[in-house]
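Each chain, letter by letter, is given below.
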Amino acid sequence: MNAAKLSVRLAAFGAAFLLLLFFSNDFGLIDIQKTSIVTAVAIDAGEEGVDVTVQIAVPKSGATTAGNVTVKNAPTMVDAIAELNLKTGWYPTLVHCRLILLGEDAAKTDVFRNIDYFLRSQFVEDTCLVAVCRGSAEKALTAQSPVGDMTYAAIEKVLSSEAQQTGLVSVNILRDFAKGYYGAAESGFLPLLTVREDAEGGATTSSGASESGSSGSPSDGKAVFDASETALFVRGKQVETLNAEETLAFNLADTDTDFAYGNVTVAEKGEPVIYSLRMKITKKLITVRAEGDLPVLHFTVRARAQVADVNRAGSPLEVAQSSIVPENVLRAAEETFRTKLSDAFYKAQKSGCDLFGVCDRLQRFHPALWKKLGTDALTAAKPVCDIKFDTLH
């Protein structure tokens with residue numbers, strides 16, 4: 001009987017102790033009334049340090065307000081974050097940061113001098129999107145968005161996985177960009193973001209160290225974001241740019257692109273005719289082979305195509321049979337993308353960017369040749385492009 005009473009008392013005491021712990025501890029949570037949620041960070045080169053602009057969402061009862069805050073000439077990213085706290089009175093949390101933008105001037109030096117802060121921090125997701133801007137990253141992030149109150153949401157849509165799958169954008173995340181930087185070739189790529197003016201009005205921006213709201217709507221005609229070009233990096237510095245056609249060819253051969261749209265020009269009755277093709281990628285493969293003392297990179301791409309549009313009026317039969325692509329258009333598509341893929345390879349090779357991972361592949365599959373060539377492997381490499389298109393039906 002005494003043992004039973006003792007066990008009941010111990011259980012009651014244990015329950016009371018657990019309740020005391022629960023109601024007296026915040027378990028590491030931050031008071032939401034003192035917190036600003038950073039959704040995006042823009043990094044520019046300052047005169048004496050780094051300029052950092054953040055887009056923040058401040059939780060309030062029943063709503064979320066958005067704003068932009070800029071810190072100029074901070075010695076490090078840590079100092080910039082600390083100064084944001086002083087300027088706003090909010091504790092900036094980066095756990096919800098979804099986007100890092102790098103300014104054009106910042107990309108002229110090793111960008112990892114600043115963005116390795118996000119790799120060191122355990123509170124920042126390494127899956128956040130990274131892009132480099134044409135011009136100022138601050139102006140891109142503070143431009144008035146055509147969709148919603150948060151500019152980062154509009155940019156995130158441009159850099160979405162859906163855009164990647166259609167070949168329009170070469171999307172990259174922090175983790176994969178860092179893998180390339182710390183890899184054998186110290187190379188990588190990022191989408192190049194351009195802010196274009198809408199026909200109804202320019203891209204209104206805000207700057208300075210004060211908080212500024214962002215209020216765009218679809219009818220305002222504010223900023224239009226384009227990321228169809230790709231910036232190439234070596235040792236953290238931007239060295240070259242792929243145009244939209246070369247970006248599409250790169251995506252067809254080496255990224256998660258499943259469907260793509262591309263234009264092909266053919267001559268019909270002495271006149272140039274543009275066919276817009278919708279392409280379904282059925283196979284893509286990159287292999288490196290040692291042919292003598294030269295590494296040869298073999299690209300294999302197989303795709304099925306259908307006609308999405310033509311810049312001339314088609315007959316009723318042509319419109320009804322859009323899934324049947326004329327043979328001469330298929331061959332022209334093969335030649336077009338073969339040329340653009342070769343252009344992308346040689347442009348990257350000339351700049352020293354191992355865009356297609358020649359060095360990594362040699363290390364894994366041909367260590368003897370890698371040991372012999374070392375970092376000269378990229379310069380010695382040659383591409384072979386095996387691209388074949390077939391009609392959808």
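All chains use their own residue numbering, which begins from 1 and follows the written sequence. For a predicted model such as this one, the threshold for reporting local features is a pLDDT of at least 70, and the threshold for listing and counting side-chain atom pairs is 80 or more; totals across whole chains, interfaces and linings nevertheless cover every residue. Side-chain metrics in this entry use all non-hydrogen atoms of the structure; hydrogen atoms and water are not considered.

Description of the nonpolar core
Definition in use: Nonpolar core, defined: a set of buried Ala, Val, Leu, Ile, Met, Phe, Trp, Tyr and Cys residues in which side-chain atoms within 4.5 Å join the residues together. For every residue, the accessible area (1.4 Å probe, protein chains only) is compared with the maximum for its type, and the residue is labelled buried under 20%, exposed over 50%, or partly exposed between those bounds. Helix and strand labels come from DSSP, where a helix needs a run of H or I of at least four residues and a strand needs a run of E of at least two; each type is numbered from the N terminus. Working rule for contacts: check all heavy atoms of both residues, and any pair within 4.5 Å makes them a contact.
Counting residues in each nonpolar core, the largest one holds 52 residues, and the members touching the most others are Leu277, Phe299, Leu355, Phe356 and Phe389. When residues in this core are grouped by element, the largest group, 9 residues, is from helix α10 (residues 327–351). Once you skip the residues sitting within four places of it in the chain, Leu355 turns out to touch Phe189, Leu232, Leu242, Phe250, Asp254 and Ala348. Core analysis: the next-biggest nonpolar cluster, separate from the first, contains 36 residues, Val71, Val130, Leu190 and Phe233 among them.

With respect to the confidence of the model for the protein
Going by this rule: As a per-residue measure, pLDDT tells how confident the predictor is, with possible values from 0 to 100.
Of the residues in the protein, 82% reach a pLDDT of 70 or more, and the chain-wide mean stands at 83. The weakest mean pLDDT in the protein belongs to helix α1 (residues 2–24) at 67; the strongest belongs to strand β9 (residues 237–242) at 97. Predicted confidence for residues 201–220 stays below pLDDT 50, and this span has 55 contacts to residues more than four positions away or in other chains.

Re the environment of Asp258
Inspection of the secondary structure assignment puts Asp258 in the loop between α8 (244–254) and β10 (259–268). Taking the relative accessible area as the measure of exposure, Asp258 reaches 39% and is therefore partly exposed. Between the C-alpha atom of Asp258 and that of Ala303, which follows or precedes it by 45 residues, the distance is 9.5 Å. Sequence-distant contacts of Asp258, that is, excluding residues within four places in its chain, are made with Gln165, Met279, Lys280 and Ile281.

Remarks on helix α11 (residues 358–365)
Owing to its 3.6 residues per turn, the α-helix aligns residues three or four sequence positions apart on the same side. This is how the line gets drawn: Directions from the helix axis toward the C-beta atoms define the arc.
Those residues of α11 that sit buried are Val358, Cys359 and Leu362. An end-on view of α11 places all buried positions within 95° of arc, on one side of the element. In α11, the exposed residues that point more than 90 degrees away from the buried face are Arg364 and Phe365.

Re the packing of aromatic side chains
To keep it simple, the criterion reads: Working definition: a ring pair exists when centres of Phe, Tyr or Trp rings (six-membered ring for Trp) sit within 6.5 Å. Plane angles under 30 degrees give stacked, over 60 give edge-to-face, the rest tilted.
Inspection of every chain in the model, using the stated rule, returns 12 aromatic pairs. Between Phe112 and Tyr182, the aromatic rings sit 5.8 Å apart at their centres with planes inclined by 70°, giving edge-to-face as the arrangement. On the criterion of sequence distance, the pair formed by Phe112 in helix α3 (residues 112–120) and Tyr182 in the loop between α7 (174–181) and β7 (187–197) is long-range, its members being 70 residues apart. In this structure Tyr182 comes out as exposed when scored by relative accessible area, which is 55%. A ring pair is formed by Phe250 and Phe356, whose centres lie 5.6 Å apart and whose planes are at 75°; its orientation type is edge-to-face.

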